[in-house]
Amino acid sequence: MIYLDVKKVRKSYKLYNDQTYIGFLYRSDFDRLGINMGKFSAGTDGSPESGSSGVDSCQIQIDDDVYEKIKDTVIDRAFEKGVTYLADFERSAYDVSLKLRMKNFPEYAIEESVNLLYEYNYLNDRRFAESYIRSYMNSKSRNMLKKELSMRHIDFPDLDELLDEVYKDEGMEEQDAIEDLMRKKYGGQDLSDEKVKRRAVNFLLRHGFSFEQINNYLT
């Protein structure tokens, strides 16, 4: 048998196995799984009633089969939440994991749900990288795009080839991005003024362009 500590937090119940966080369930989940939660006297809003008849925490005893069903429920809920995050636009597995972590899902459920999101093609590193490049190629250097993708744990052997393909498809060069940025930020300003020029150089450096690229534009 397995003993789980249960703590009521708003409308959900957080579960711990020997102080290890297992995840959260709702009252309906306990009913569906046949787990007796009689110690929790729910009020009309689903929260424990005040006074001696209601408690905020208790310990439940379950068998191994129910324990696995609880973990499956937590994983399924994390997967469903991940699908909603990916419904509108592409995200990386790193971004999805971060959002699930912020929603109090445990690490095992995050890992398993991310694996499922890859399996069902909701997550696709190459597809995300292409979307990211197209979104930011007008304002960032290739090196910065690669660095930011790496920070999101997106790195695969043909990433440079993908960059080449996207730039070619869009008919763009990095120099075009520099010109666009400068036109928006410093259009009409006198770049022969050393102060203005210095600010412009620092501005382009922050967007990931090299001194060589910047000098080629400014000279």
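Note: the structure precedes this text.
What you are looking at is a predicted structure, and each value in this text was computed from that prediction instead of being measured.

### So, the environment of phenylalanine 24
So, step 1. Position of phenylalanine 24 among the secondary structure elements: in strand β3 (residues 20–26).
So, step 2. Using a relative accessible area of 9% as the deciding quantity, one classes phenylalanine 24 as buried.
So, step 3. Residues in contact with phenylalanine 24, not counting those within four places in the same chain, are Ser12, Tyr13, Lys14, Val74, Arg77, Lys103, Asn104 and Phe105.

### Some remarks on the side chain of aspartate 95
So, step 1. Structurally, aspartate 95 is set in helix α3 (residues 93–102).
So, step 2. When its relative accessible area of 18% is taken as the criterion, aspartate 95 is described as buried.
So, step 3. Reaching out from aspartate 95, the side chain makes a polar contact with the side chain of serine 92 at a distance of 3.1 Å.

### What to know about a nonpolar patch on the surface
So, step 1. A surface patch of nonpolar side chains, amounting to about 320 Å² of accessible area, comprises Tyr94, Leu98 and Met102.
So, step 2. Mapping methionine 102 onto the fold places it in helix α3.

### Let's talk about unusual backbone geometry
So, step 1. Within the chain, arginine 10 stands out as a residue other than glycine whose phi angle is a positive 55°.
So, step 2. Mapped onto the elements, arginine 10 comes out in the loop between β1 (2–9) and β2 (12–17).
So, step 3. Taking relative accessible area as the criterion, arginine 10 reaches 73% and is therefore assigned exposed.
So, step 4. A positive phi is found at asparagine 104, a non-glycine position, where the angle reads about 70°.
So, step 5. Its place among the elements puts asparagine 104 in the loop between α3 and α4 (107–119).
So, step 6. Classification of asparagine 104 by relative accessible area gives partly exposed; the value is 38%.

### Some points on the pattern of salt bridges
So, step 1. Here the structure, examined in full by the defined rule, presents 17 salt bridges.
So, step 2. Across the pair aspartate 29 and arginine 32 runs a salt bridge, and its minimum N-O distance is 3.3 Å. One end of the pair is aspartate 29 and the other is arginine 32, both in helix α1 (residues 27–33) and three residues apart, which spans about a single turn.
So, step 3. Judged by its relative accessible area of 4%, aspartate 29 falls in the buried class.
So, step 4. You can call arginine 32 exposed: its relative accessible area is 52%.
So, step 5. A salt bridge links arginine 134 to glutamate 170; its shortest N-O distance comes to 2.5 Å. Of this pair, arginine 134 sits in helix α5 (residues 125–136) while glutamate 170 sits in helix α7 (residues 159–170), and the two are 36 residues apart along the sequence.
So, step 6. Arginine 134 sits in the partly exposed class, given a relative accessible area of 28%.
So, step 7. Taking the relative accessible area as the measure of exposure, glutamate 170 reaches 40% and is therefore partly exposed.

Here is what the cut-offs are and how they apply
- Within every chain, residues take consecutive numbers counted from 1 along the sequence as written.
- In keeping with the model being predicted, local features are shown solely for residues with a pLDDT of at least 70 and side-chain atom pairs are shown and tallied solely at 80 or more, while totals for entire chains, interfaces and linings include all residues.
- Hydrogens and waters are ignored; side-chain quantities use all the structure's heavy atoms.
- Numbering of helices and strands starts at the N terminus; helices are DSSP runs of H or I of at least 4 residues and strands are runs of E of at least 2.
- Each residue gets one of three labels from its accessible area relative to the maximum for its type: buried under 20%, exposed over 50%, partly exposed in between, using a 1.4 Å probe on protein chains only.
- Should any heavy atoms of two residues lie within 4.5 Å, those residues are counted as being in contact.
- Distance and chemistry together define a polar contact, namely a pair of N or O atoms within 3.5 Å, with one atom able to donate a hydrogen and the other to accept it when in protein, and with adjacent residues in sequence counting only for side-chain atoms on both sides.
- Candidates for patches are residues over 30% relative accessible area with no salt bridge; among them, like charges are joined within 9 Å and nonpolar side chains (Val, Leu, Ile, Met, Phe, Trp, Tyr) within 5 Å.
- Accessible areas in this description were obtained via Shrake-Rupley with a 1.4 Å probe; residue shielding takes into account the shown protein chains only.
- The salt bridge definition used is simple: a Lys or Arg side-chain nitrogen within 4 Å of an Asp or Glu carboxyl oxygen.

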